[in-house]
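Here is how the chains run, residue by residue.
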Amino acid sequence: MSKYGRLRDGQDGHSQFFLKATLTAHDESMEHPLVHAIVDKRVTDAAHGHYLHGLHRTFRALEARPEKLPTADARLNRTGAIEKDLHALGAAGSPPRSDATDAYLACLASAQDWKDVLCHHFLQYNALLSGGAFLGGCLKAQGKPRAAYAFELGIESQYVRRYMEALDAIELSEADRRPARGWRKS
């Protein structure tokens, strides 16, 4: 099991449930060639730009949702930071098409209420908070823009812990945590 799956070992609650339910998808994403290129410090501007466009579309969709999530925090918003990275790369403008991103955004668009969006919020923002410091350091070593990974939250690991505690305190039924709520079970 990866470090991701052990973030809340010994803890019960929604965050542990979401972590376990998404473990396989997370571990698969860590094997993506782009992640390896970033970690190996050999990512191209074109690949980095393509990735940032997908992130931008995802966070723009999350941040445009009308409902107020109990875990929402404006300091987490990434749209503006990603736009800075795209401009720094000279990659602003029309995003390249991605079937995977399009499918994910369709899932978000079909969300009926905040409970349908909660797991996406948890996964997307905590991914940048948890692994982002490491990936941001790899991008820095290559002289690549990395505003997407720059948060002003204090110590990110403490913020992630507090976020998970807040998520665990939300009242959700077993039906609210079902796979139809927008994520797939591992």
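Note that the structure is a prediction, hence the values are computed from the model and not measured. (Residues numbered from 1 in each chain as written. Predicted model: local features only at pLDDT ≥ 70, side-chain atom pairs only at ≥ 80, totals over all residues. Heavy atoms only, no water.)

### Concerning the side chain of His-53
Mapped onto the fold, His-53 is located in helix H4 (residues 45-63). With residues up to four places along the chain from it excluded, the contact list for His-53 reads Leu-86, Ala-91, Gly-93, Ser-94, Pro-95 and Pro-96. (Helix = DSSP H or I, 4+ residues; strand = E, 2+ residues; numbered from the N terminus. Contact = heavy atoms within 4.5 Å.)

### Thoughts on the confidence of the model for the protein
Regions with low pLDDT carry predicted coordinates that are not meant to be interpreted in detail. With 89% of its residues at a pLDDT of 70 or more, the protein has an overall mean of 84. Per-element confidence in the protein is highest for helix H5 (residues 79-89), whose mean pLDDT is 96, and lowest for helix H2 (residues 23-29), whose mean pLDDT is 77. (pLDDT = per-residue confidence, 0-100.)

### Quick notes on helix H9 (residues 156-169)
For H9, which comprises 14 residues, the first-to-last C-alpha distance of 20 Å matches the rise-based estimate of 20 Å (1.5 Å per residue) to within 8%. Within H9, the full set of buried residues consists of Tyr-159, Val-160, Tyr-163, Met-164 and Leu-167. Down the axis of H9, the smallest arc covering the buried residues is 135°, so these residues share one side. Each element contacted by the buried residues of H9 is listed here: helix H1 (14-21) and helix H7 (114-130). (Expected span 1.5 Å × (residues − 1). Buried < 20%, exposed > 50% of the residue type's maximum accessible area, 1.4 Å probe, protein only. Arc of directions from axis to C-beta.)

### Observations concerning the environment of Ala-127
Following the sequence through the fold, Ala-127 ends up in helix H7. By relative accessible area, which is 45% here, Ala-127 ends up partly exposed. It is 9.8 Å that separates the C-alpha atoms of Ala-127 and Val-160, two residues lying 33 residues apart in sequence.

### A short note on the packing of H4 against H5
Relative orientation of the contacting elements H4 and H5 amounts to 155°, with a least axis distance of 9 Å. Judged by the angle between their axes, H4 and H5 are roughly antiparallel. Of the two possible hands of crossing, H4 and H5 adopt the one that is left-handed. Across the interface between the two elements, Asp-45, His-48, Gly-49, Leu-52, His-53, Leu-55, His-56, Phe-59, Arg-60 and Glu-63 from H4 touch Thr-79, Ile-82, Glu-83, Asp-85, Leu-86 and Leu-89 from H5. Split into classes, the residues belonging to the contact of H4 with H5 amount to six nonpolar, five polar and five charged. (Axes fitted to C-alpha atoms, helices over the stretch in contact; angles between N-to-C directions. Parallel < 35°, antiparallel > 145°, perpendicular 65-115°, else oblique. Left-handed = near helix turned anticlockwise from the far one by under 90°. Nonpolar A, V, L, I, M, F, W, Y, C, P; charged D, E, K, R; others polar.)

### Side note on the environment of Leu-55
Take Leu-55: it is sitting in helix H4. C-alpha of Leu-55 to C-alpha of Gln-124: the two residues are 69 residues apart in sequence and 9.1 Å apart in space.

### So, the side chain of Thr-79
Mapping Thr-79 onto the fold places it in helix H5. Judged by relative accessible area, Thr-79 falls into the buried class, the value being 13%. Looking at Thr-79, its side chain comes within polar contact range of the side chain of Glu-63, at 2.4 Å. Filtering out sequence-adjacent residues up to four positions away, Thr-79 remains in contact with His-56, Phe-59, Arg-60 and Glu-63. (Polar contact = N/O pair within 3.5 Å; in protein donor to acceptor, adjacent residues only side chain to side chain.)

### Considering the pattern of salt bridges
Two side chains with opposite charge may pair up if their charged atoms get near one another. All chains considered together, the criterion is met by seven salt bridges. Measuring nitrogen to oxygen at the nearest pair gives 2.5 Å for the salt bridge that ties Asp-45 to Lys-144. Taken as a pair, Asp-45 in helix H4 and Lys-144 in the loop between helix H8 (132-141) and H9 lie far apart in primary sequence, 99 residues in all. According to the relative accessible area criterion, Asp-45 is partly exposed, its value standing at 41%. (Salt bridge = Lys/Arg side-chain N within 4 Å of Asp/Glu carboxyl O.)

### A closer look at the packing of aromatic side chains
Under the criterion given, the structure shown has four aromatic pairs. Measuring from centroid to centroid gives 5.7 Å for Phe-18 and Phe-122, while their planes differ by 45°, and the two rings are tilted. One end of the pair, Phe-18, is in helix H1; the other, Phe-122, is in helix H7, with 104 residues separating them in the sequence. For the pair formed by Phe-18 and Phe-122, the shared burial category is buried. When the centroid spacing of 4.8 Å and the interplanar angle of 65° are considered together, the rings of Phe-59 and Tyr-125 count as edge-to-face. With Phe-59 in helix H4 and Tyr-125 in helix H7, this residue pair connects regions lying 66 residues apart in the sequence. (Phe/Tyr/Trp six-rings, centres within 6.5 Å; stacked < 30°, edge-to-face > 60°.)

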